[in-house]
Amino acid sequence: MARERLSVVVTRRLPEVVETRMTELFDVELREEDTLFTRDELSAAMRRADVLVPSITDTLDQGLLAQAGDKLKLIANFGAGVDHIDVSTARQRGILVSNTPGVVTEDTADMTMALILAVTRRIPEGLAIMQAGTWAGWAPTALLGGRVGGRRLGILGMGRIGQAVARRAKAFGMQIHYHNRRRLRPEIETELEATYWDSLDQMVSRMDVVSVNCPHTPSTFHLLNARRLKLMKPSAVIVNTSRGEVIDENALTRMLRSGEIAGAGLDVFEHGHEINPRLRELHNVVLLPHMGSATREGRAEMGEKVIINIKTFADGHRPPDLVVPSML
């Protein structure tokens, strides 16, 4: 007798190849429109599904998880970050949580370098002139940016993505520095030619570029607060492709407006898609709509990891990308 297929609810539209494979394997409920689930819709989904497949746009907090029925056994997150899920409460209720680590590393590191170049070389300003049709021709002093080679790059968070950024930046001739919860093994430091800073204050005060590549946790919320941002050199720029909550966005906006920080490249924001309007007005800021992991290849690989986690769970085994509270 064939085993009954797991019921799976997906909260957002996924790449067609991923949705097709899910349909083949599971009793899956897909989205027609790529709109956000309301809180009530999420609650209802958690009561009727064996497995929920949410993304970063779905906040699964303690109150919402308390409404989950006994049926829900796995939250297979589409994405590496799980700060939108109360993992501890889920585990207490017997609900496993999995994610998709590793697959966005190279894509996010590419975008980090793109933002570093865009800010330091003033690429969006040049693009705006061309699109407006106001370019009057080449001039020796027009749109002068800065050379990235030789600059000090301070990486905040030296996990997979931080190390991938370091490899790219090293190829551009940048000097690699980093701050991390734990120091890297000597052989990795040697390979990356990376200098470790135990003091984040001392590191940010000496860097030309600061790249945020750490996750959002209670300990990293506003890690770059107003006091720490003021330690940065007026000529320095900051880039964030990780989580917006790591930076005090209001403080950053004030300092960019006043010229206390030279520029910023931001792919993520403290309040999701609600961006400080004063930030959008600044010419020394490059803003992107959370595109760091947005490649066709990356999204397909994320979907494949979700499927493997669900399939492994359905076969009675521990999902390979299980998230436990001690990891956070």
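- The name an unreviewed UniProt entry gives the chain is D-glycerate dehydrogenase, with Psychromarinibacter sediminicola as the organism.
- Annotation of the chain in UniProt includes, under Sequence similarities (unreviewed entry), the sentence "Belongs to the D-isomer specific 2-hydroxyacid dehydrogenase family."

### Some words on the side chain of Arg31
- Of note, Arg31 is situated in the loop between β2 (27–29) and α2 (39–48).
- Of the side chains with opposite charge, Glu41 comes closest to the buried, unpaired Arg31, at an N-O distance of 5.0 Å.
- Only 3.3 Å separates the side chain of Arg31 from the backbone oxygen of Thr11, close enough to count as a polar contact.
- A polar side-chain atom of Arg31 sits 2.7 Å from a polar atom in the side chain of Thr35.
- Sequence-distant contacts of Arg31, that is, excluding residues within four places in its chain, are made with Val10, Thr11, Arg12, Arg13, Leu36 and Phe37.

### Overview of the UniProt feature "domain: D-isomer specific 2-hydroxyacid dehydrogenase catalytic" (unreviewed entry) in the chain
- Mapped onto this numbering, the UniProt entry gives "domain: D-isomer specific 2-hydroxyacid dehydrogenase catalytic" (unreviewed entry) at residues 8–323.
- In residues 8–323, the share of helix is 38% and the share of strand is 14%. The end C-alpha atoms are 19 Å apart.

### Quick look at the packing of helix α5 (residues 105–120) against helix α7 (residues 160–171)
- For the pair α5 and α7, interaxial distance at closest approach is 8 Å and the crossing angle is 50°. Compared by their axis directions, α5 and α7 come out oblique. The handedness of the crossing between α5 and α7 comes out as right-handed. Seen from α5, the contacting residues are Thr105, Glu106, Thr108, Ala109, Asp110, Thr112 and Met113; seen from α7, they are Arg160, Ile161, Ala164, Val165, Arg167, Arg168 and Ala169.
- Here the residues of the contact of α5 with α7 are counted per class, giving six nonpolar, three polar and five charged.

What counts and how
Residues numbered from 1 in each chain as written. Predicted model: local features only at pLDDT ≥ 70, side-chain atom pairs only at ≥ 80, totals over all residues. Heavy atoms only, no water. UniProt positions renumbered as here; feature names shortened; annotations may be inferred. Helix = DSSP H or I, 4+ residues; strand = E, 2+ residues; numbered from the N terminus. Buried < 20%, exposed > 50% of the residue type's maximum accessible area, 1.4 Å probe, protein only. Lys, Arg positive; Asp, Glu negative; His and termini not counted. Salt bridge = Lys/Arg side-chain N within 4 Å of Asp/Glu carboxyl O. Polar contact = N/O pair within 3.5 Å; in protein donor to acceptor, adjacent residues only side chain to side chain. Contact = heavy atoms within 4.5 Å. Axes fitted to C-alpha atoms, helices over the stretch in contact; angles between N-to-C directions. Parallel < 35°, antiparallel > 145°, perpendicular 65-115°, else oblique. Left-handed = near helix turned anticlockwise from the far one by under 90°. Nonpolar A, V, L, I, M, F, W, Y, C, P; charged D, E, K, R; others polar.

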